[in-house]
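As a plain string of letters, each chain reads:
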Amino acid sequence: MSVSTASVIADHVLTPVESKRLQTQADTDTLVAAFHREQLRWSNVDWVVALFLIGVHAGALAAPFFFSWTGLAVCIVMHWVTCSIGICLGYHRYLAHKSMKLTPPAEFVAMVCGCLSGEGSPMTWAATHRLHHHKSDQEGDPHSPIREDGWWSHILWLFPKRSTESGRVLYRRYVPELVDRPMMQFFEKTFALWLWGGGLTMLVAGWVFGGWRMGVSLVVWGMCVRMVAAYHSTWFVNSATHLWGYRNYDTRDHSRNLWWVAILAYGEGWHNNHHAHPAVAPAGHKWWEVDITWWSIRLLRAVGLAYDVKDRIPKGRRADDHDVPTEHAEAAQGEIPSALTEVAA
Ligand SMILES: [Zn+2]
Ligand SMILES: [Zn+2]
């Protein structure tokens, strides 16, 4: 008999606290099973995800045959727009960690940029990322290279098909404050349309202004090459920065600061800093730890589009302080809903 079945049958004799504890345990079991490596079987592959990623990589291989300077320029600009503004600023620091507030128009644009990255809906991204902070390098971490291996954490964890029920549990538990927001519901339904619409716009615009080869060039460079580069940049944060690099903070996980990932992923490579202080907007904590996304956040703040930016590391807990505590409560919890604190241990 499952835990949830037992709780229903025995509901009338369980106290609310016991009932909640059983539900919490059942949810934990659901998520641990959903993100377990044994889900990766030929009979359980999410072929929509797999074929899309294979297609994008195959398209990138055609890049030398369809080179154009316009295509390269679109690739570089869109890489920054989707990866730094969409993922690093929008999905990660704003949505998952609430390290700043954005005005509604800025929030909408940041979420569109995130959708154009091809990394899924805002809520799926934020919920999965909060799960990573909650369970970093422990059982239940969706992509730990320590518990599994580098390939699993880099890309393979994306391939298993996951049930609707596990998605519901993930949302209920990790993004409860987002699920009823109309804007999030809107992007939940339309995130793929933005991506396909972006590709179609490039194809048509290139074709109209420069002929069919320019249309294909914009798709190959502006979509395929750009997405492959951005995918691996962000995936290295899940794989490489839990394996290699140095540590400023003695967090309970294996997160590390890795300079080349910080360059590729617009500051996210200072991952040990981030795990130590997940809600702090700047990821570079020493003067030479360059964080390009932080420059954009400062600009948005200067023009009034971002406000209440959490830019202070608590005194005594900075990277340069000598008495950095060995176990940070903040690092242990990540920026996850307060309802979770009781189940974090
Ligand atoms: Zn991490
Ligand atoms: Zn994070």
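Residues numbered from 1 in each chain as written. Chains lettered and ligands numbered in written order. Predicted model: local features only at pLDDT ≥ 70, side-chain atom pairs only at ≥ 80, totals over all residues.

Visitor: Describe the nonpolar core, listing the residues and the values that go with them.
Guide: Of all hydrophobic cores here, the largest spans 67 residues; its most connected members are Ala110 and Ala126. By residue number, the principal contributor to this core is helix α10 (residues 212-238), which donates 14 residues. Leaving out residues up to four positions away in the same chain, alanine 110 has contacts with Ile85, Gly86, Leu89, Gly90, Tyr94 and Leu102. (Core = buried A, V, L, I, M, F, W, Y, C linked by C-beta atoms within 7 Å. Buried ≥ 20, exposed ≤ 12 C-beta atoms within 10 Å, placed from the backbone. Helix = DSSP H or I, 4+ residues; strand = E, 2+ residues; numbered from the N terminus. Contact = placed C-beta atoms within 7 Å.)

Visitor: A description of the packing of helix α4 (residues 69-96) against helix α5 (residues 104-116) should follow, citing residues and the corresponding values.
Guide: Relative orientation of the contacting elements α4 and α5 amounts to 115°, with a least axis distance of 7 Å. Here α4 and α5 pass one another in a crossing that is left-handed. Judged by residue contacts, Val81, Thr82, Ile85, Gly86, Ile87, Leu89, Gly90, Tyr91 and Tyr94 of α4 engage Ala110, Met111, Cys113, Gly114 and Leu116 from α5. Grouping the amino acids of the contact of α4 with α5 by side-chain chemistry returns 10 nonpolar, four polar and no charged. (Axes fitted to C-alpha atoms, helices over the stretch in contact; angles between N-to-C directions. Left-handed = near helix turned anticlockwise from the far one by under 90°. Nonpolar A, V, L, I, M, F, W, Y, C, P; charged D, E, K, R; others polar.)

Visitor: Could you give me a rundown of helix α8 (residues 164-174), with the residues and numbers involved?
Guide: Listed in full, the buried residues belonging to α8 are Val169, Leu170, Arg173 and Tyr174. Along α8, the residues classed as buried sweep out an arc of 100° about the axis, all on the same side. Relative to its buried face, α8 has exposed residues pointing more than 90 degrees away, namely Thr164 and Glu165. Taken together, the buried residues of α8 touch α2 (16-34) and α6 (122-135). (Arc of directions from axis to C-beta.)

Visitor: Please provide a residue-by-residue account of the packing of helix α9 (residues 182-210) against α10, values included.
Guide: Two elements in contact, α9 and α10, have axes whose closest approach is 6 Å; the angle formed by their N-to-C orientations is 145°. Read as a crossing pair, α9 and α10 show a hand that is right-handed. Contacts between α9 and α10 involve Gly199, Met202, Leu203, Val204, Ala205, Gly206, Trp207, Phe209 and Gly210 from the first element and Trp212, Met214, Gly215, Ser217, Leu218, Val219, Gly222 and Met223 from the second. Of the residues assigned to the contact of α9 with α10, the class counts are 11 nonpolar, six polar and no charged.

Visitor: I'd like to hear about the environment of histidine 275, residue by residue, with values.
Guide: Within the fold, histidine 275 resides in helix α12 (residues 271-276). Taking the C-alpha atoms as reference points, histidine 275 and tyrosine 249, separated by 26 residues in sequence, lie 8.7 Å from one another.

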